[in-house]
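In case you want the letters, here they are:
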Amino acid sequence: MKVTFLITLALASFAPAQNAKIEELYHKNCAGCHGANFEGGVGGSLVDGVWNHGSSDEEIYRSIAKGNIPLGMIPWEDTFKPDQIRAFVIFLREQEKKNLSKGQNLPSPSLDQQTKTELENYRLEMVVENGLKDPWAIAFLPDGGRLVTEKSGKLRIISAAGKLDPKAIEGTPQTIEHGQGGLMEVALHPDYAKNGWVYLGLSDGTRAKNDQGKDEVRCITAVVRGKIKNHRWVNQEWIFRADPKFQSGAGVHFGTRFVFDKGYIYFVIGERGGMYEVQDLSRPNGKIHRLHDDGRVPRDNPFVKTKDAMPSIWSYGHRNPQGLAMDARDGALYSTEHGPRGGDELNLILPAHNYGWPVVTLGMHYNGMPMDYNGPDGQKVMSVTQKAGMTPPVTSWVPSIAVCGLDFYTGDKFPKWKNDLLVGALAQKEIRRVRIENKSVVSQETIFKDVGRVRDVAMGPDGFIYVVLNGPDRIMRLVPAQD
Ligand code: HEC
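Residues numbered from 1 in each chain as written. Predicted model: local features only at pLDDT ≥ 70, side-chain atom pairs only at ≥ 80, totals over all residues. Heavy atoms only, no water.

Trainee: Just give me the short version of the layout of surface pockets, but keep the residues and values in it.
Mentor: When its volume is computed, the largest pocket comes out at roughly 1200 Å³. Along the wall of the largest pocket there are 45 residues; nearest its centre are Asp57, Arg93, Trp397, Val398 and Pro399. Mapped by element, the contributors of at least two residues to the lining of the largest pocket are helix H4 (57-66), helix H5 (82-102), strand S19 (395-397), strand S22 (430-437) and strand S23 (440-449). Element by element, the count of residues in the lining of the largest pocket is highest for H5, at 12 residues. When grouped by side-chain class, the residues that make up the lining of the largest pocket number 17 nonpolar, 14 polar and 14 charged. (1 Å grid on protein atoms, 1.4 Å probe; cavity = no way out; pocket = protein on both sides within 12 Å on 5 of 7 lines; lining within 4 Å. Points joined across faces, edges and corners; volume = space filled by probe spheres on them. Helix = DSSP H or I, 4+ residues; strand = E, 2+ residues; numbered from the N terminus. Nonpolar A, V, L, I, M, F, W, Y, C, P; charged D, E, K, R; others polar.)

Trainee: Pulling in residues and values, what's your account of the coordination of the iron atom of the ligand?
Mentor: Protein coordination at the iron atom of the ligand: the donors are His34 (NE2) and Met73 (SD), at 2.0 to 2.2 Å from the metal. In this structure, the iron atom of the ligand is surrounded by 6 donor atoms whose angles at the metal cover 87 to 178 degrees, and the resulting shape is octahedral. With His34 in helix H3 (residues 31-34) and Met73 in the loop between H4 and H5, this residue pair connects regions lying 39 residues apart in the sequence. Note on His34: relative accessible area 13%, which makes it buried. (Donors = N, O, S within 2.8 Å, 3.2 Å for Na, K, Ca; no water. Tetrahedral: all angles 85-135°; square planar, octahedral: opposite > 155°, others 65-115°. Buried < 20%, exposed > 50% of the residue type's maximum accessible area, 1.4 Å probe, protein only.)

Trainee: Give me the environment of Leu155: which residues, what numbers.
Mentor: Examined against the element boundaries, Leu155 turns out to sit in strand S5 (residues 155-158). Residue class for Leu155 comes out buried when judged on its relative accessible area of 0%. Along the backbone, Leu155 and Gly35 are 120 residues apart, and their C-alpha atoms lie at a distance of 52 Å. With near-sequence residues (within four places) excluded, Leu155 lies in contact with Leu147, Val148, Thr149, Ala168, Ile169, Thr172, Leu183, Val186, Leu200, Ile228 and Trp233. (Contact = heavy atoms within 4.5 Å.)

Trainee: Got a sec to walk through the packing of H4 against H5? Specific residues and values, please.
Mentor: One can describe the packing of H4 onto H5 by two numbers: an axis separation of 9 Å at closest approach and a directional angle of 120 degrees. On the basis of the axis angle, H4 is oblique to H5. In this structure, the crossing between H4 and H5 has a hand that is right-handed. Only Pro82, Ile85, Arg86, Phe88, Val89, Leu92 and Arg93 of H5 make contact with H4, whose side of the interface consists of Asp57, Ile60, Tyr61, Ile64 and Ala65. Its residues assigned to classes, the contact of H4 with H5 comprises 9 nonpolar, no polar and 3 charged. (Axes fitted to C-alpha atoms, helices over the stretch in contact; angles between N-to-C directions. Parallel < 35°, antiparallel > 145°, perpendicular 65-115°, else oblique. Left-handed = near helix turned anticlockwise from the far one by under 90°.)

Trainee: Go over the nonpolar core with me, naming the residues and quoting the values.
Mentor: In this structure, Ile22, Tyr26, Phe38, Ile64, Phe88, Phe91 and Leu92 are the most contacted members of the largest nonpolar core, which totals 26 residues. Among the secondary structure elements, those contributing two or more residues to this core are helix H2 (22-29), H4 and H5. Here the element with the most residues in this core is H5; it accounts for 7 residues. Looking at which domains feed residues into this core, each of domain 1 (2-102) and domain 2 (114-480) supplies at least three. Every residue in contact with Phe91, bar those within four places of it in the chain, is listed here: Ile22, Glu23, Tyr26, Phe38, Arg341 and Met364. (Core = buried A, V, L, I, M, F, W, Y, C linked by side-chain atoms within 4.5 Å. Domains from an automatic or database assignment.)

Trainee: Kindly report on the packing of H2 against H5, identifying the contributing residues and their values.
Mentor: Two measures define how a pair of helices packs: the angle their axes make with one another and the distance between the axes. Contact pair H2 / H5: the axes reach a minimum separation of 10 Å and the direction vectors enclose 90 degrees. One finds that H2 runs roughly perpendicular with respect to H5. In contact with Ile22, Glu23, Leu25 and Tyr26 of H2, H5 contributes Gln84, Ala87, Phe88, Phe91 and Leu92. Its residues assigned to classes, the contact of H2 with H5 shows 7 nonpolar, 1 polar and 1 charged.

Trainee: Account for the domain arrangement of the protein, naming residues and giving values.
Mentor: Taken domain by domain, the protein consists of domain 1 (2-102) and domain 2 (114-480). Distance between the C-alpha centres of domain 1 and domain 2: 37 Å. Listed as interface residues are 15 residues of domain 1 and, on the opposing side, 17 residues of domain 2. Here domain 1 packs against domain 2, burying approximately 1300 Å² in sum over the two surfaces, 62% of which is carbon and sulfur. Here domain 1 and domain 2 share 2 salt bridges between them. Among the ionic pairs, Glu23 bridges to Arg341, the shortest N-O distance being 3.0 Å. Those elements that provide at least two residues to the side of domain 1 that touches domain 2 are H2 and H5. The element best represented in the side of domain 1 that touches domain 2 is H5, accounting for 9 residues. Per-class residue counts for the side of domain 1 that touches domain 2 are 5 nonpolar, 2 polar and 8 charged. (Buried area = accessible area lost by both parts, 1.4 Å probe. Salt bridge = Lys/Arg side-chain N within 4 Å of Asp/Glu carboxyl O.)

Trainee: Quick one: what's the story with the sheet that holds strand S4 (residues 146-150), residue by residue and with numbers?
Mentor: Here we have 3 strands laid out as an open sheet, ordered S3-S4-S5, and antiparallel in their pairing. Two strands in the sheet have a free side with no partner beyond their single neighbour: strand S3 (135-140) and S5. Here the average twist between neighbouring strands, direction ignored, is 25 degrees. (Pairing = 2+ DSSP bridges.)

Trainee: Please give an account of the side chain of Arg319 that cites residues and values.
Mentor: With respect to the helices, strands and loops of the structure, Arg319 is situated in the loop between strand S13 (313-316) and strand S14 (320-326). For the buried Arg319, no salt bridge is present, and the opposite-charge side chain at shortest range is Glu271, 5.2 Å distant. Within polar-contact distance, the side chain of Arg319 engages the side chain of His253 at 3.5 Å. Residue contacts for Arg319: discarding those within four places in its chain leaves His253, Gly270, Glu271, Glu337, His338, Gly339, Pro340, Trp357 and Tyr366. (Lys, Arg positive; Asp, Glu negative; His and termini not counted. Polar contact = N/O pair within 3.5 Å; in protein donor to acceptor, adjacent residues only side chain to side chain.)

Trainee: Go over the sheet that holds strand S1 (residues 114-116), please, and point to the residues and values.
Mentor: Within the open sheet, the 5 strands sit side by side as S1-S2-S26-S25-S24. Their pairing is antiparallel. Both outer strands of the open sheet, S1 and strand S24 (453-459), are each paired with one neighbouring strand and no more. Strand-to-strand twist of the sheet, defined as the mean angle between neighbouring strand axes without regard to direction, takes the value 30 degrees. Of the strand pairs in this sheet, strand S2 (residues 121-128) and strand S26 (residues 474-480) are connected by 6 bridges, and their pairing is antiparallel. Each bridged residue has a counterpart across the sheet, and for Met126 the counterpart in S26 is Met476.

Trainee: Explain the pairing of S5 to me, using residue names and the numbers behind them.
Mentor: When S4 meets S5, the two strands line up antiparallel, connected through 4 bridges. Within S5, the residue paired with Val148 across the bridge is Arg156. What sits between S4 and S5 in their antiparallel hairpin is a turn of 4 residues, with Gly153 showing a positive phi close to 125 degrees.

Have a look at this one:
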């Protein structure tokens, strides 16, 4: 009786379709039974990690959509659209994570202590403590030195002994520092010792004053190579530079990151705020590209014969991948890609595949509204969580951890981590160790937490794990603990 009454009351008072941010929808419709702080009441706690009716995203979705009338949980599928129910799932996952991480003992290393993880123990060492501003990526020179990019456009050298050269390399290409963009990726050609080529990924474009005297910026990610001689950047050659008509004023989603393999370079251009543009093969944004390492288009690229398609495109439908790495065991290429609020992805990159953004996403808008976009005719379309012909991620993270930087551990200093994927994360300030078998994720573990925002993670030729941190701006490394 009581239950029936409650349901009738709830349905009667909340019935009209609702269009609001997810926080408001929760407080209006759910807090009465599940608590203002999700702690539970008539309905159970939604943040204790205990899910009586199934703990996967799909099961939680079902619990909300179908309800459980005998127990007193209202079916909400007539009140909320599927994308709103999906937004509830993301929102509840965020709250659960926030609550559970309070009591959690994640490995947060400090300099003087050994840090224990499931399989290996490590010590944290400082490589560069001072003098870097917004470091972005690291590459390892054969003499034991390292190259580091700074977002403002500087390419800097750290000596084998660990000293940061106060002077940046002179004559590096001009970059447009704008929002998330600037000088980003740096990598050496696999035959660097012989040919000396250094590759950079940067925001390329123009900054000019408009009629109102305001700065107007137009830019897009580009790839360039050059050599370093006597502390100068020389022999510069552009590898990929989009037509200026593709430049945009947006300060977001530049992508970058390179992988070299068999004479090819794979590189990422983020969606640049273009949303549905990433589904358009005549545009460079929201794509992973493949070129010969001198910039020529490989004749067997998947879209070379497609009318109006850019021939460098290898895969498309990407939002903002900022991790790219190849599994040495089987040559499989992986990317980590920033989702919006919810739905960060690990993708297995296959030629011609469409990874779905913004048609498919597991996330929602930052303001708590379900994800939507302007479709091909400019009409508003709601995103969905899966769609035939669009490749789903290998795994995803809800809530988002803000994936950035990716490398396979192939060294011998941490033998139990051999061939594991190291996934950096900015917002969650962590490194995840992800075990991949037969192209599937079999387990994952946070091995590094709360030292700073992880911008890049890379194994050095010495087998140590280098971490490029923002806030504070530092480079540190993980070395095996003695015992
Ligand atoms: C009238 C009270 C009531 C309202 C309103 C209500 N719920 Fe529930 N909810 C319940 C009850 C009762 C259960 C079953 C609890 C149990 O089995 O422990 C439940 C279960 C759930 C579950 C499954 C929990 C589990 O452990 O698996 C989810 C998820 C959930 N509710 C979400 C929501 C959301 C989201 C809203 C708002 C849109 C909402 N509920 C509104 C009463 C309510």
